[in-house]
Amino acid sequence: MGSASPPATAATNGAGLGELPESCVAMVLMNLDLIDICRFATLNQAFRGASDFVWESKFPGNWGKVIEKMWEENEVKGWGKRGVLEALCRGNLIDGGTKKVWLDMSMGGMCFAISAKGLRITGIDDPRYWNHIPSEESGFSTVAYLQQIWWFEVKGEVDFPFPAGTYSVFFRLHLGQAFKRFGRHPCNAENIHGWDIKPVRFQVSTSDGQKAIFQCSVKERGKWINYHAGDFVVENPNKNTTVKFSIDCTHTKGGLRVDSVMICPKSSGRC
């Protein structure tokens, strides 16, 4: 009698994911965006090991300057490339907790959020005009609420080594005061007035001479809206770009909440 054939599974089994050469895995991961790399890196040791070779390729082109701006040198020692990249992708508080900065995982640019306390608001120190109030709807836990004022002006600036690319600036605003009821935040519109008289003016300018001016009516009530103030382009990522932004309007008005200003890569969908 002939000898028995070996089980078919033993003859036909191919290499598992863990047996793929790291160089092959790295070539695959190099062509993926950062979000997908992180997903594959959770599959097994081969993907985790190979991904270590590609982390740096997903850093911002000027990542050295970005890291210098955000952390002291001794803070990042021992993190490794993956650790630094993971830290960049988190929301990192800077400037006394008034600004939050993180790496956009899909576009590769830096995103900023500047809280109401990090903005210069005309009349903010007079409670007849403005108040800082707690809010569960804000990433900074507080917002600025306008009671009433004639000269409405909110402005701020950011100085940062932005990676090359086009960025958009948005003001996150809400008409109406909110109060919590049964776990929801209905809008109290009693104090809303003056916003239908004329549009507000948004301005964005940069240290290299770019300027954008835009006018828009603030009239939709009861929800947070990101109002587009303008765009700017960063061509030289090896030096800091100073971005200034503002919103202003005359005549008496009230009933507005200001949460933050957002800066993000254009068309990233993150703002």
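For the structure, see preceding data.
Conventions and cut-offs
Residues numbered from 1 in each chain as written. Predicted model: local features only at pLDDT ≥ 70, side-chain atom pairs only at ≥ 80, totals over all residues. Heavy atoms only, no water. Helix = DSSP H or I, 4+ residues; strand = E, 2+ residues; numbered from the N terminus. Buried < 20%, exposed > 50% of the residue type's maximum accessible area, 1.4 Å probe, protein only. Contact = heavy atoms within 4.5 Å. Areas by Shrake-Rupley, 256 points an atom, 1.4 Å probe, with all protein chains shown as cover. Arc of directions from axis to C-beta.

K.L.:
I would appreciate a short explanation of the overall build of the protein in the present structure.
P.N.:
When helices and strands are counted, the protein shows seven helices and 15 strands. Taken across its 271 residues, the protein has 43% of its residues classed as buried. Long-range contacts, defined here as pairs at least 24 residues apart, represent 69% of the contacts in the protein between residues at least 6 apart. As displayed, the protein has an accessible area near 14500 Å², and 50% of this comes from carbon and sulfur atoms.

K.L.:
So what exactly am I meant to see when it comes to unusual backbone geometry here?
P.N.:
With glycine set apart, most residues show a phi of negative sign, and most peptide bonds adopt trans. Of note, the phi angle at aspartate 95 is positive, near 50 degrees, even though the residue is not glycine. With respect to the element layout, aspartate 95 can be found in the loop between β1 (92-94) and β2 (99-103).

K.L.:
Would you explain helix α5 (residues 63-70) in this entry?
P.N.:
Helical periodicity: at 3.6 residues per turn, an α-helix aligns residues three or four positions apart in one direction. Within α5, burial applies to Val66, Ile67 and Met70. Projected down its long axis, α5 shows its buried positions confined to an angular sector of 95 degrees, all on one face. Where the residues of α5 are buried, they touch α6 (73-76), α7 (80-89), β1, β2, β3 (110-115) and β7 (152-160).

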